[in-house]
Structures are given as C-alpha cells and as structure tokens.
Amino acid sequence: MFRGFRVNIFCCNKRKCEFVAIMSTCLVIVIHSILLVVHLKTYSVISVRSLGDSNFELLDSNFEPLDINNKSKLSDFVFSTKHNQILNRLTPVKENKDIDTHLQFISNENSSSKFSTTEELKPGEEFMNLKDKHYYGGKSDQNKHGINKGLTNGPNFTRSLPDAIIIGVKKGGTRALLEYLRLHPKIRATGPEPHFFDRNYEKGFEWYRQHMPTSTKGQLTLEKTPSYFVSTGVPEKVYTMSKMTKLIVVLRDPVTRAISDYAQLASRRPNMKTFEELAFVGNRTKLVDTSWPIIKIGIYVQHLTKWLEYFPIRQFHFVSGENLIKEPAYEMKLVQEFLDLEPFINDSYFSFNSTKGFPCFKKQPNSSKIHCLNTDKGRLHPDLSHSVIKRLRDFYRPFNARIYQITGHNFGWT
Ligand SMILES: Nc1ncnc2c1ncn2[C@@H]1O[C@H](COP(=O)(O)OS(=O)(=O)O)[C@@H](OP(=O)(O)O)[C@H]1O
C-alpha cells in the first residue's frame, strides 16, 4: 500500500520513479557530506604548538587559540583540561634539539573514522603552509600606515606584528639571544624564522601576523630573521610596518662570523672549496673577495648605513656576540632595558656548560633541567693559517672602527 502511495504521489511511471529515488539519494549524500565537512572544519581537528616541555598553546581548527578553561569547547575532544595531560595524549613532540616551535596536527579521538592518522608537522615550512590555508577574523587596530597591529582572538589572545625584531647578524648568536629572551614572561617570540621582509613580503602583513605567536596585553612580540640585516629593501619594508619597531643586532667579530658561516655551509656541502679559495681573489695579490656573501655580511657598517636611512640609532640595540657567551646575564640586562622590560632574566637562569663551551639555561631559576642549544650551534671551525686570519682582520679593521663610532661601543675585535 505504501509503495502504491509513493508511486501515485511522485511517479507517473516506473522510470520516473527510479529517477526520483536516485536523485533523492544523491541529495541525501550531498547534504551529509556538507554537514561532515562543516563539522570537521569546526570541531574535529586541533593543533598544538609546543613551546617547550611545559609551555604550549592549543589552537582550534581555525587556528584560533583555544581557551583551555573553556570546557564547552574542550568537551569536543577527549582531553583532560590539565595542560600536561593534554600533551600526554598527543603523539610525543619530536625531540626538538634547537628548541624551535613544533606543531602537531592530531585527530579528534571522537571522530577516528574521519581522521585516522596523526600527521606530524615540521617546524617552519610545514607550519607556515598549513597556516596559510586558514584565516581567522577578529577585531583589529590599525597603525598610521593602515596596517593592523593586533588581531583579537577572544578576550585574552592577540596576534600582533612584532614590536621588536632581531635583524642580524647571521651566525652572531641570534638563536641564543632569542631563546634567552623567551624566558621573560612579557615576551612572546616566534620559533622559526619567518623571513617575511626578505622572502615572503608579497604575502602581506596579514600572513606575517598569522606567524606571530599569540600574546596577551602587555606582552611584546618578537621574531628573529638574521638575513634582514643585509637584505636589500628590508629597512624600508620594516619602516612601512611601523617606524617604532625596535631593532636588535647581535654583532660578532666579522672574521669568526665568516668562518662560522663557512663551517655551516661546508657541513651541508661536502665538496665545497676551501675557505681560502673562496675568500680571496687573484693568484698573486690575494685580495679579499668582497663579492663573496660570507665576506660581505661582515662589512657591518655598509648594512647599518642602509638601516639608518630609515631608523634613528637610538632604535637599535647592539649585542656583543662574544659577550653573550661570556656574560649572558649582563647582555640580557641591557636588552631588557632596551625593551623597557622589568629585569627578569638574570644570572640564576644560566649555567655554563664547559663541555659545550657555551652557556645553557633553565626555564625556571630553581629548575634542575638545563637546556642547551643544538649541536649545530657551536660547531668546530676549520683551522685557518695565521696569515689568512691576519689578512681578514686587516681588511675588516677600518669598517669595524666605523661601527664602533656609530654604535658608541668598542666590540674589541682586534
Ligand atoms: N649558548 C650558546 N650555545 C651555542 N652557541 C651559542 C650560544 N651563544 C652564542 N652562540 C653562538 O651562536 C652562533 C650561531 O649564531 P646564530 O644563532 O645567530 O646562527 S644562525 O644565523 O641562526 O644560523 C654559534 O656559532 P658557531 O660557534 O660558529 O657555531 C655560537 O658561537
């Protein structure tokens, strides 16, 4: 009877009836798929950004920070609301020797049929690609250039363009400085280098902001990309973002900096020419080859002059790369002053590791756990002859003298 009723209502003949049945089934499938996608997008995936063993943030599927006290949101996941317990439920964060930021993309345990795999993302590249796909809105405030300074993601969280940038120099000790600065509760810093002003500028400031960590009111946002110091056009672009940006430069003896840079390159390219072959030109004259980027980076005054066309010298802070190793707490005191921060990072955070020959640090002064930078920081340098070193020192001396004058600081490079 029911069959007859359906046929009477929808179908004039059998073929038409079959057609209606197929179309209805398709419609139901499409509606289900849409609902599934909406559900997945909204609830089923979260990411976790680990900032260290006890420090991390949870982001929802739109990469909005999750308020972990908001149980209604978390109830979508089978997680305990305690930080460590949440972390324990993830596949272990891959040992991160360089304490860079790691992201993990995990499935909602409630919806294993939808996402059955756990995908681990590498820091940096993958993190950025993934985030490119997402955009989240929110209230924003604009600076005088019309660029949004901050984007509000709820009552407490904001992603802000950086207040300060460690712009250089490559192999100066920039990673150490950034990791030390992270110890300060008023500082939020990116792990990977965003390379916004030298490689990703065309992606726009919104892209840049997405790569900044979340921060709360009163916290400073920071990033480090050492190539900014020497890259053409970067000073103007940073100025366009904000002429108030504070600029930090870690300067290291340009001779040891060049050797360090070479050691890094050579470690990746086994058949590389020797340092001497690359650093000098002319068989007899043996002039220093200023076109070799490794040499060119060390002519600090040339690069700084370009920055000074846009920023006054008072907006820079120069850290001695050598002293950052000898007296990290003292250098940190100066940086904190420059950033108008309470002096928080002091001697009690550092512990010199004589095997490594470098300071390591604790995340809490009374903690027994000591963190050191990866072994690619503090590499063995190639042995160069005295005459090679002397020629390089003679070459850099006049440029160094100008740097001492401009910065008002004698770095003591002989
Ligand atoms: N605490 C601590 N641990 C290890 N290494 C330290 C530290 N402080 C400063 N340094 C020095 O940092 C040098 C690497 O500099 P960067 O971090 O700026 O390098 S990079 O540009 O980001 O590749 C690195 O250079 P090399 O020694 O030539 O490897 C170190 O001398």
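Residues numbered from 1 in each chain as written. Predicted model: local features only at pLDDT ≥ 70, side-chain atom pairs only at ≥ 80, totals over all residues.

K.L.:
Give a description of the site of the ligand that names residues and reports values.
P.N.:
In the vicinity of the ligand there are 17 residues, among which T174, R175, A176, S260 and F358 approach most closely. Among the secondary structure elements, those contributing two or more residues to the shell around the ligand are α6 (174-181), α14 (321-326) and β17 (358-361). If one sorts the elements of the shell around the ligand by residue count, α6 sits on top with three residues. (Near = placed C-beta within 6 Å. Helix = DSSP H or I, 4+ residues; strand = E, 2+ residues; numbered from the N terminus.)

K.L.:
Can you explain the UniProt feature "active site" (unreviewed entry) in the protein? Please cite residues and give values.
P.N.:
In the numbering used here, UniProt assigns the feature "active site" (unreviewed entry) to K171. Mapped onto the fold, K171 is located in the loop between β8 (164-168) and α6. Residues within four places of K171 in sequence aside, it is in contact with R252, R257, S260 and D261. (UniProt positions renumbered as here; feature names shortened; annotations may be inferred. Contact = placed C-beta atoms within 7 Å.)

K.L.:
An account of the nonpolar core is requested, with residue identities and associated values reported.
P.N.:
One finds I165, I167, L177, L181, I248, V249 and V250 to be the most contacted residues of the largest nonpolar core, which totals 55 residues. If we skip the residues at most four places from it in the chain, L177 touches I166, V250, V319 and L324. (Core = buried A, V, L, I, M, F, W, Y, C linked by C-beta atoms within 7 Å. Buried ≥ 20, exposed ≤ 12 C-beta atoms within 10 Å, placed from the backbone.)

K.L.:
Give me unusual backbone geometry: which residues, what numbers.
P.N.:
Only a minority of non-glycine residues have a phi that is not negative, and only a minority of peptide bonds are not trans. With omega at -5°, the peptide bond leading from G168 into V169 counts as cis. If you trace the backbone, V169 turns up in the loop between β8 and α6. Unlike most non-glycine residues, K171 shows phi in positive territory, near 65°. Of note in this structure, D340 is not a glycine but carries a positive phi near 55°. Relative to the elements of secondary structure, D340 occurs in the loop between α15 (328-338) and β16 (350-353). Its 10 C-beta neighbours within 10 Å are what place D340 among the exposed residues.

K.L.:
An account of the pairing of β8 is requested, with residue identities and associated values reported.
P.N.:
A large share of β8 lies buried, amounting to five of its five residues. Bridge count for β8 against strand β11 (residues 220-224) is three bridges, and the pairing is parallel. Within β11, the position partnered with I165 by the bridge is E223. (Pairing = 2+ DSSP bridges.)

K.L.:
Summarise the environment of P365; cite the residues concerned and give the values.
P.N.:
With respect to the secondary-structure elements, P365 resides in the loop between β17 and α16 (386-407). It is 23 Å that separates the C-alpha atoms of P365 and T375, two residues lying 10 residues apart in sequence. Not counting chain neighbours up to four residues away, the residues in contact with P365 comprise S348 and Y349.

K.L.:
Report on the sheet that holds strand β15 (residues 316-320), specifying residues and quantitative values.
P.N.:
Taken together, the five strands give an open sheet; going across it, the order is β9-β11-β8-β12-β15, and neighbouring strands pair in parallel fashion. Of all strands in the sheet, those with a lone pairing partner are β9 (187-189) and β15, marking the two edges. Looking at each pair of strands side by side, their axes are set apart by 25° on average, direction ignored. Here five bridges tie strand β12 (residues 246-251) to β15, and the two strands are oriented parallel to one another. By the bridge assignment, V249 is partnered in β15 with F318. Packed on one face of the sheet, α15 meets β12 and β15 and runs near 175° to β15. (Axes fitted to C-alpha atoms, helices over the stretch in contact; angles between N-to-C directions.)

K.L.:
How would you sum up α6? Please name residues and give values.
P.N.:
Of all eight residues making up α6, eight are buried, and the element is well covered by its neighbours. The set of residues buried in α6 consists of T174, R175, A176, L177, L178, E179, Y180 and L181.

K.L.:
Tell me about the environment of L251, residues and numbers included.
P.N.:
Mapping L251 onto the fold places it in strand β12. Sequence separation of L251 and E322 is 71 residues, and the distance between their C-alpha atoms is 8.3 Å. Each residue touching L251, except ones within four places of it in the same chain, is listed here: V169, G172, Y300, F318, S320, G321 and F411.

K.L.:
Give me the packing of helix α10 (residues 254-268) against α16: which residues, what numbers.
P.N.:
One can describe the packing of α10 onto α16 by two numbers: an axis separation of 9 Å at closest approach and a directional angle of 125°. Between α10 and α16, the angle is such that the two are oblique. Of the residues in α16, those touching α10 at P254, V255 and A258 are I389, L392, R393 and Y396. (Parallel < 35°, antiparallel > 145°, perpendicular 65-115°, else oblique.)

K.L.:
Which residues make up the packing of helix α13 (residues 300-308) against α16, and what values go with them?
P.N.:
How two helices pack is summed up by the angle between their axes together with the distance between the axes. Across the interface, α13 lies against α16 with an axial gap of 8 Å and an inter-helix angle of 40°. When the axes of α13 and α16 are compared, the pair comes out oblique. Only F399, R402, I403 and I406 of α16 make contact with α13, whose side of the interface consists of Y300, V301 and L304.

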